[in-house]
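Here is how the chains run, residue by residue.
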Amino acid sequence: MVVETRYVTSGEVFVAYQISGQDGPDLLMTPGFVSHLELSWENPNAARFP
C-alpha cells in the first residue's frame, strides 16, 4: 500500500499525517513525541494496526 505523507503546521511545528483506507471510523494514532511515520509501515505490528 502506498500512502502519501502530508504536512500541516501548528505554530512553528510541522506535523506529518497520512490517510489510508476509505471506509470505517476515523482513527488518530499518536505514537510519541519523536517518531518516523513512513518507517512505521515497515513494522509488521504497526502496519497491521486497524
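Calculation criteria
Residues numbered from 1 in each chain as written. Predicted model: local features only at pLDDT ≥ 70, side-chain atom pairs only at ≥ 80, totals over all residues. Heavy atoms only, no water. Salt bridge = Lys/Arg side-chain N within 4 Å of Asp/Glu carboxyl O. Buried < 20%, exposed > 50% of the residue type's maximum accessible area, 1.4 Å probe, protein only. pLDDT = per-residue confidence, 0-100. Helix = DSSP H or I, 4+ residues; strand = E, 2+ residues; numbered from the N terminus.

Student: What exactly am I supposed to notice about the pattern of salt bridges here?
Tutor: It is possible for side chains bearing opposite charge to pair when their charged atoms get close. For the structure shown, the criterion picks out one salt bridge. A salt bridge links Glu4 to Arg6; the nearest nitrogen and oxygen atoms lie 3.8 Å apart. A relative accessible area of 53% places Glu4 in the exposed class.

Student: What is the right way to read the confidence of the model for the chain from this model?
Tutor: Detailed conclusions should not be drawn from predicted coordinates in areas where pLDDT is low. The pLDDT averaged across the chain works out to 79; a share of 94% of its residues lies at or above 70. Within the chain, strand β1 (residues 5-10) carries the highest mean pLDDT (90), whereas helix α1 (residues 44-48) carries the lowest (76).

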